[in-house]
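# Structure at a glance
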There are 2 protein chains.
Amino acid sequence: MLSFSRVTIIGLGLIGSSLARAIRETMPTVRVTGHDADPQVRQIARAIDLCDDVTDTAGASVTDADLVVLCVPVRAMGAAAAEIAEDLPAEAIISDVGSCKADVLAQLTAALPGRAIIPAHPVAGTENSGPEAGFASLFRGRWCIITPPADADPAAVARVSELWHRVGADVETMDPQHHDLVLAVTSHLPHLIAYTIVGTASDLEDVTQSEVIKYSAGGFRDFTRIAASDPTMWRDVFLANKDAVLEMLQRFSEDLSALQRAIRWNDGDALFNLFTRTRAIRRSIIEQGQDDPKPDFGRSH
Amino acid sequence: MLSFSRVTIIGLGLIGSSLARAIRETMPTVRVTGHDADPQVRQIARAIDLCDDVTDTAGASVTDADLVVLCVPVRAMGAAAAEIAEDLPAEAIISDVGSCKADVLAQLTAALPGRAIIPAHPVAGTENSGPEAGFASLFRGRWCIITPPADADPAAVARVSELWHRVGADVETMDPQHHDLVLAVTSHLPHLIAYTIVGTASDLEDVTQSEVIKYSAGGFRDFTRIAASDPTMWRDVFLANKDAVLEMLQRFSEDLSALQRAIRWNDGDALFNLFTRTRAIRRSIIEQGQDDPKPDFGRSH
Ligand SMILES: NC(=O)c1ccc[n+]([C@@H]2O[C@H](COP(=O)([O-])OP(=O)(O)OC[C@H]3O[C@@H](n4cnc5c(N)ncnc54)[C@H](OP(=O)(O)O)[C@@H]3O)[C@@H](O)[C@H]2O)c1
Ligand SMILES: NC(=O)c1ccc[n+]([C@@H]2O[C@H](COP(=O)([O-])OP(=O)(O)OC[C@H]3O[C@@H](n4cnc5c(N)ncnc54)[C@H](OP(=O)(O)O)[C@@H]3O)[C@@H](O)[C@H]2O)c1
């Protein structure tokens, strides 16, 4: 039995369009309706036949939905939810894919009081955005974290979990606050640091931008991939998950200062010990199928 | 005309073994002799037929060489050079592949006074090390920076450049001090930051190591690749290029503080502007063939 038969996706960017493709590929009998605030995105979605139907208004997209998934930047979740409030069928479940969960849950609860809200976050993505960047296999082998509110109906949680299972994800349930702390370190802080170093590198006087680009294969290029991610999405994430991000940033800065001291005082042992410790984590990530074992991510050489 | 006919490689790890493979593939008439301080590495090198000959002592490896390339960790360069001083033919050129150049040049000049020393640094690598991690195409399409001392013989520089051209690299000449500043930002700082964040993530109390591993696909896993690099090599790099690394680290920390402030004060515009600016660099790196244009480095999904 499929958990849903009429799914509406609002926001047809990287994640929304990947979800549409994945549902149509793995559950061809489910009817997928899409909407996006951007007329150009709607036009592309129609041209590439992304959904069974793409509507011009948010309201029209949900009138017969049994699941609505909001796939818009996290600070736009409340507005997107408010737009569908009137047309949403009473039985429909509302979910989302936002990268932070406590703030989004608060927005959705305020906009849709009394509704069945089951937020989720597929931990998968690329540096690209927009409807053409998506692909059906994006969620395969990745984790999707469901963060139901304390009073959520377990049956509704099970149905949303089942959907993510079907598109290939492993599903985990977590408290929204804890989700935000975990993701602050595994996703938000890495992005913040990558954006920072790419900014630092482009502001130097003694090293030209063209040198930075030419010799980027020494490690820098890895950071530029992450720092090419969507500015709106990431601005929203840092503002919506401010406390956890600042907390992790504080710890990182302290650790960086310790390393700075070790370099200044030629403490080679301290450096060596840290550098040895960090190898083990990579090994576990590969063992657990969360990264490619090929050297250099399998880049062509 | 080939620039050299008998090349000796000392240190048969990732870079040394890649160079051996690349020379034998692109210049099959060149005789390649290898040596490594580690008996186990020598044994592997022989078993996989890495070189025409692998000698048990450093001295024996250089007796008839016209080029010797030191491929050992940067702080071991002086010792490796001292070991061959007696047996080195008068006409032979000494080169190396070390990741920092001013400190290495000083070491080599002290150990081999009056010799033709032409240091070089191929800006290419992976997170793996050892003789089995190397491959012939590692240098193809990457830059190799030659950093000759001020009084170097231009003919010797041309010969070393030609060798790197033959194995597929683009060659650039640079002053050693400037090299160290450029690489501090494009390679050393990225590694330092990656090591730090992986350390930070493994020391948290509220987030378990297993959570960090599970949800690493949100960005963190990218950093773990770099942070899996060889501890000895990187300890040496940070100590040997201390001043430039500390200078770049200082700038990075200032920029990170500014971003921290922007988050704390909800300055979304400052975040958005930086995140927009950093995208352009990625585009240039891809246009100049220094990274894979495929999303997510072409990782399989
Ligand atoms: N990218 C990732 O790696 C990733 C991973 C996991 C989760 N997420 C989360 O997924 C969500 C979407 O991210 P994405 O990467 O798919 O972004 P995206 O490619 O930029 O797509 C977002 C789409 O939503 C549209 N939109 C904005 N406000 C809207 C509204 N009120 N109503 C309807 N449509 C609206 C945008 O239109 P415009 O063209 O007007 O902006 C855009 O087309 C975010 O919450 C993000 O945090 C992202
Ligand atoms: N990895 C990169 O991405 C990269 C890129 C460009 C340049 N480089 C530079 O290339 C050099 C080699 O790095 P790598 O990645 O190839 O390291 P690696 O894989 O660890 O290999 C280094 C080899 O040198 C041996 N060795 C150490 N001291 C020696 C000595 N005095 N005489 C002879 N052999 C000695 C080591 O033996 P043990 O087993 O006893 O340690 C090891 O087998 C370093 O200077 C590094 O900075 C590296």
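Residues numbered from 1 in each chain as written. Chains lettered and ligands numbered in written order. Predicted model: local features only at pLDDT ≥ 70, side-chain atom pairs only at ≥ 80, totals over all residues. Heavy atoms only, no water.

- As recorded in an unreviewed UniProt entry, chain A goes by the name Prephenate/arogenate dehydrogenase family protein, listed as coming from Sphingobium tyrosinilyticum.

### Topic: the site of ligand 2
Residue and element names in this part refer to chain B.
- Around ligand 2, the structure places 28 residues, and the nearest of them are Ile 15, Asp 36, Asp 38, Val 72 and Ser 99.
- Separating a nitrogen atom of ligand 2 from a backbone N or O atom of Ala 37 is a distance of 3.1 Å.
- Take Asp 38: an N or O atom from its side chain is 2.8 Å from an oxygen atom of ligand 2.
- Every element with two or more residues in the shell around ligand 2 is listed here: helix 1 (14-26), helix 4 (77-84) and strand 7 (120-122).
- When grouped by side-chain class, the residues that make up the shell around ligand 2 number 16 nonpolar, nine polar and three charged. (Near = heavy atom within 4 Å. Polar contact = N/O pair within 3.5 Å; in protein donor to acceptor, adjacent residues only side chain to side chain. Helix = DSSP H or I, 4+ residues; strand = E, 2+ residues; numbered from the N terminus. Nonpolar A, V, L, I, M, F, W, Y, C, P; charged D, E, K, R; others polar.)

### Quick look at unusual backbone geometry
Residue and element names in this part refer to chain B.
- Even without glycine at this site, Asn 266 takes up a positive phi of about 55 degrees.
- Inspection of the secondary structure puts Asn 266 in the loop between helix 11 (242-264) and helix 12 (268-287).
- One non-glycine residue, Phe 297, adopts positive backbone phi at about 60 degrees.
- Along the chain, Phe 297 turns up in the segment after helix 12.
- For Phe 297, a relative accessible area of 0% translates into the label buried. (Buried < 20%, exposed > 50% of the residue type's maximum accessible area, 1.4 Å probe, protein only.)

### With respect to the pattern of salt bridges
Residues and elements named next belong to chain A.
- Within the structure shown, the criterion is met by 46 salt bridges over all chains.
- Among the ionic pairs, Lys 101 bridges to Asp 96, the shortest N-O distance being 2.7 Å. Asp 96 shares its class with Lys 101; the two are buried. (Salt bridge = Lys/Arg side-chain N within 4 Å of Asp/Glu carboxyl O.)

### What to know about the site of ligand 1
All names here are of chain A.
- Surveying the vicinity of ligand 1 reveals 28 residues, the closest of which are Ile 15, Asp 36, Asp 38, Val 72 and Ser 99.
- Here a nitrogen atom of ligand 1 sits 3.1 Å away from a polar atom, N or O, in the main chain of Ala 37.
- Note that an oxygen atom of ligand 1 is positioned 2.6 Å from one of the backbone N or O atoms of Val 72.
- If ligand 1 stood free it would expose 910 Å²; the protein chains cover 82% of that surface.
- Looking at the shell around ligand 1, the elements that each hand over two or more residues are helix 1 (14-26), helix 4 (77-84) and strand 7 (120-122).
- The residue makeup of the shell around ligand 1, split by class, is 16 nonpolar, nine polar and three charged. (Areas by Shrake-Rupley, 256 points an atom, 1.4 Å probe, with all protein chains shown as cover.)

### Quick look at the UniProt feature "domain: Prephenate/arogenate dehydrogenase" (unreviewed entry) in chain A
- Residues annotated in UniProt with the feature "domain: Prephenate/arogenate dehydrogenase" (unreviewed entry) correspond here to residues 5-293 of chain A.
- Spanning residues 5-293 of chain A, this segment combines 52% helix with 11% strand, and its end C-alpha atoms are found 38 Å apart. (UniProt positions renumbered as here; feature names shortened; annotations may be inferred.)

### Regarding the sheet that holds strand 8 (residues 143-146) of chain B
All names here are of chain B.
- Taken together, the three strands give an open sheet; going across it, the order is 7-8-9, and neighbouring strands pair in mixed fashion. Taken across any chain shown, the strands that pair with only one partner, and hence form the sheet edges, are strand 7 and strand 9 (170-173). Recorded for the sheet is a direction-independent mean angle of 20 degrees between the axes of neighbouring strands.
- One ladder, built from four bridges, connects strand 8 with strand 9; its direction is parallel. Within strand 9, the position partnered with Cys 144 by the bridge is Val 171.
- The sheet contacts of helix 6 (residues 154-166) involve strand 7, strand 8 and strand 9, and relative to strand 8 the element is tilted by about 165 degrees. (Pairing = 2+ DSSP bridges. Axes fitted to C-alpha atoms, helices over the stretch in contact; angles between N-to-C directions. Contact = heavy atoms within 4.5 Å.)

### Focus: the packing of helix 11 (residues 242-264) of chain A against helix 7 (residues 176-202) of chain B
- One way to put it is that helix 11 of chain A packs onto helix 7 of chain B with a least axis distance of 9 Å and a crossing angle of 125 degrees. It follows that helix 11 of chain A is oblique to helix 7 of chain B by the angle criterion. Where helix 11 of chain A crosses over helix 7 of chain B, the handedness of that crossing is right-handed. Here A:Arg251, A:Phe252, A:Asp255, A:Leu256, A:Leu259 and A:Ile263 of helix 11 of chain A lie close against helix 7 of chain B, whose contacting residues are B:Leu192, B:Ile193, B:Thr196, B:Ile197 and B:Thr200.
- Here the residues of the contact of helix 11 of chain A with helix 7 of chain B sort into seven nonpolar, two polar and two charged. (Parallel < 35°, antiparallel > 145°, perpendicular 65-115°, else oblique. Left-handed = near helix turned anticlockwise from the far one by under 90°.)

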